[in-house]
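Structural overview
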Amino acid sequence: MKYLIHLVMSLSFALMFIIGCSKRPEEVIPAIQSTSGKSGTGTGIVERISTDRKFVTLAHHDIPGIMSAMAMEYPVQSPELLKDIHEKDSVSFILTKTPESQYMVTEINKK
């Protein structure tokens, strides 16, 4: 009986492995690519700007479809985006998902 259970489980795992590996790479890659480029608009307060102006920490409200309200440091697409932005400024901004699955500030303006 144990042998039969072991055989059935082994065959089940083998079948799951074969089915899981049967997708061609071109079927998997579009699903991965579709998650990058997703963006959302948010509002919040600038808590900190890094000295090299490549990162900004924002305390923001919910960004529908993207994330809940939180305070988080984000990379900035270009330090030039922060030229007129200062700590404690109330801002609106756009976060865009990168191919590496992290969100980056691609636009930011004082409110």
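For the structure, see preceding data.
Attention here is on the structure that accompanies the text. Note that this is a predicted model, so its numbers are computed, not measured. (Residues numbered from 1 in each chain as written. Predicted model: local features only at pLDDT ≥ 70, side-chain atom pairs only at ≥ 80, totals over all residues. Heavy atoms only, no water.)

Focus on the overall build of the protein
Helix and strand counts for the protein come out as two helices and five strands. Secondary structure elements of the protein occur, N-terminal to C-terminal, as α-α-β-β-β-β-β. Expressed as a percentage of its 111 residues, the buried residues of the protein come to 25%. Sequence separation of 24 or more characterises 52% of the internal contacts of the protein that already satisfy a separation of 6 or more. Total accessible area on the protein is roughly 7800 Å²; 61% of this is exposed by carbon and sulfur atoms. (Helix = DSSP H or I, 4+ residues; strand = E, 2+ residues; numbered from the N terminus. Buried < 20%, exposed > 50% of the residue type's maximum accessible area, 1.4 Å probe, protein only. Contact = heavy atoms within 4.5 Å. Areas by Shrake-Rupley, 256 points an atom, 1.4 Å probe, with all protein chains shown as cover.)

Quick notes on unusual backbone geometry
Even without a glycine there, the phi angle at arginine 53 is positive, about 60 degrees. Within the secondary structure, arginine 53 sits in the loop between strand S1 (39–49) and strand S2 (55–60). Note on arginine 53: relative accessible area 27%, which makes it partly exposed. Here the phi dihedral of serine 101 falls at roughly 65 degrees; this positive angle occurs in a residue that is not glycine. Note that serine 101 resides in the loop between strand S4 (90–97) and strand S5 (103–110). Under the relative-accessibility criterion, serine 101 is labelled partly exposed at 47%.

Details of the nonpolar core
Soluble globular proteins tend to pack their nonpolar side chains together in the buried interior. Core analysis: the biggest nonpolar cluster contains 17 residues, and Val56, Leu58, Leu95 and Ile108 have the highest contact counts within it. At the level of elements, S1, S2, S4 and S5 are the ones that each hand at least two residues to this core. Sequence-distant contacts of isoleucine 108, defined by excluding residues within four places in its chain, comprise Leu58, Leu81, Leu82, Ile85, Val91, Ser92 and Phe93. (Core = buried A, V, L, I, M, F, W, Y, C linked by side-chain atoms within 4.5 Å.)

Some remarks on the pairing of S2
When a strand is regular, its side chains alternate between the sheet's two faces. As judged from the five bridges shared by S1 and S2, these two strands associate in the antiparallel manner. Opposite glycine 44, over in S2, you have histidine 60 as the bridge partner. Here S1 hands over to S2 after five residues, with arginine 53 in that stretch at a positive phi of 60 degrees. Sheet analysis places S2 next to strand S3 (residues 70–75), joined by six bridges and oriented antiparallel. Across the sheet, the residue bridging to valine 56 is tyrosine 74, located in S3. (Pairing = 2+ DSSP bridges.)

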